Amino acid sequence: MGYVSGNLMPGEQIVYQAKIHWFIFVPGALLFVVGAALSSAKIQYDIGPSAGGIVLLVALYWLLKALVAKISTELAVTSKRVIAKTGLIMRHTVELNHGKVESFNVDQSIFGRIFDFGTVVVNGTGGGKTPIPNIDSPLDFRRRAMETIDQTQIGRA
């Protein structure tokens, strides 16, 4: 049971849940390939294997960090709130009622545009900004969130 599903209020349902994009593993994987190549290379003074080992350790750290980010990040729109949670040991959560959400910004790099991932920034009333990086299909998340919020506000009117 995730954070979002474990903290739903009575009568609240998850409308849309975003995922972290697989691209976060690319830097660690590329570094792993470089480390493996260095480890097996015959470089003068035999620094290749030791340098390769260090690069492999850094690559494993980056891959582990990416795995923890993928496992521990949740972003969801429910029938009543927008909920964002990051962190495994240290946790950061933001829960905004639909009436308190001002806007969503989406930031995408060139690779983000190509592979369809980016940072979603949830802007709450009062100036609170919560960036959630590496979200898969961020424009789809923004559209679904805004549709849900509009439907909620029409129901209140």
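My aim in this report is to walk through the structure given alongside it, one point at a time. Residue numbers run consecutively from 1 along every chain, following the written order of its sequence. In keeping with the predicted nature of the model, local features appear solely for residues at pLDDT of at least 70, side-chain atom pairs appear and are counted solely at 80 or more, and the whole-chain, interface and lining totals rest on all residues. The basis for every side-chain value is the complete set of non-hydrogen atoms in the structure, without hydrogens or water.

Another point: the nonpolar core. The nonpolar side chains of a soluble globular protein tend to be buried, and buried together. Throughout this description, the term nonpolar core refers to a set of buried Ala, Val, Leu, Ile, Met, Phe, Trp, Tyr and Cys residues connected via side-chain atoms within 4.5 Å. Burial classes: relative accessible area under 20% of the type maximum marks a residue as buried, over 50% as exposed, and values in between as partly exposed (1.4 Å probe, protein chains only). Leu-75, Phe-104, Val-120, Ile-135 and Phe-141 are the most contacted members of the largest nonpolar core, which has 20 residues in total. Only runs of H or I of at least four residues qualify as helices and only runs of E of at least two qualify as strands under DSSP, and these elements are numbered from the N terminus. With three residues, helix H5 (residues 138-156) is the largest single contributor of residues to this core. Contact criterion: two residues are considered in contact whenever any of their non-hydrogen atoms come within 4.5 Å of each other. The contact partners of Leu-75, leaving out residues within four places of it in the chain, are Tyr-16, Gln-17, Ala-18, Ile-83, Ala-84, Val-120, Ile-132, Ile-135 and Phe-141.

Note: two strands are recorded as paired if DSSP finds a minimum of 2 bridges between them. Taken in spatial order, the four strands make up an open sheet running S1-S2-S3-S4, and their pairing is antiparallel. Edge positions in the sheet fall to strand S1 (14-18) and strand S4 (92-97), since each has one partner strand and no second. On average, each strand axis in the sheet is tilted by 15 degrees relative to the strand beside it, whichever way the strands run. Here strand S3 (residues 81-86) pairs with S4 via six bridges, running antiparallel. Counted as the bridge partner of Ile-83 is Glu-95 from S4. Note on geometry: axes are C-alpha line fits, over the in-contact stretch for helices, and angles between N-to-C directions span 0 to 180 degrees.

Attention shifts here to the sheet that holds strand S7 (residues 129-136). The strand order across the open sheet formed by three strands is S5-S6-S7, and the pairing between neighbours is antiparallel. If you trace the sheet from one side to the other, it starts and ends with strand S5 (101-107) and S7, each paired once. Taken pair by pair, the neighbouring strands of this sheet meet at an average axis angle of 20 degrees, ignoring direction. The pairing of strand S6 (residues 117-124) with S7 spans six bridges and is classified as antiparallel. For Gly-118, the partnering residue across the bridge sits in S7 and is Ile-135.

By definition, a salt bridge exists where a carboxyl oxygen of Asp or Glu is found within 4 Å of a side-chain nitrogen of Lys or Arg. As enumerated under the stated definition, the model contains four salt bridges in all. Residues Arg-81 and Glu-95 are paired through a salt bridge, measuring 2.5 Å at the closest nitrogen-oxygen approach. With Arg-81 in strand S3 and Glu-95 in strand S4, the pair connects residues that are 14 residues apart, well separated along the chain. The shortest N-O distance in the salt bridge between Asp-140 and Arg-143 comes to 2.5 Å. Separated by three residues within a single helix, Asp-140 and Arg-143 lie in helix H5, roughly one turn from each other. Among the residues examined, Arg-143 registers a relative accessible area of 42% and is labelled partly exposed. Several salt bridges share partner residues, and in doing so they unite Glu-12, Arg-81 and Glu-95 into one network.

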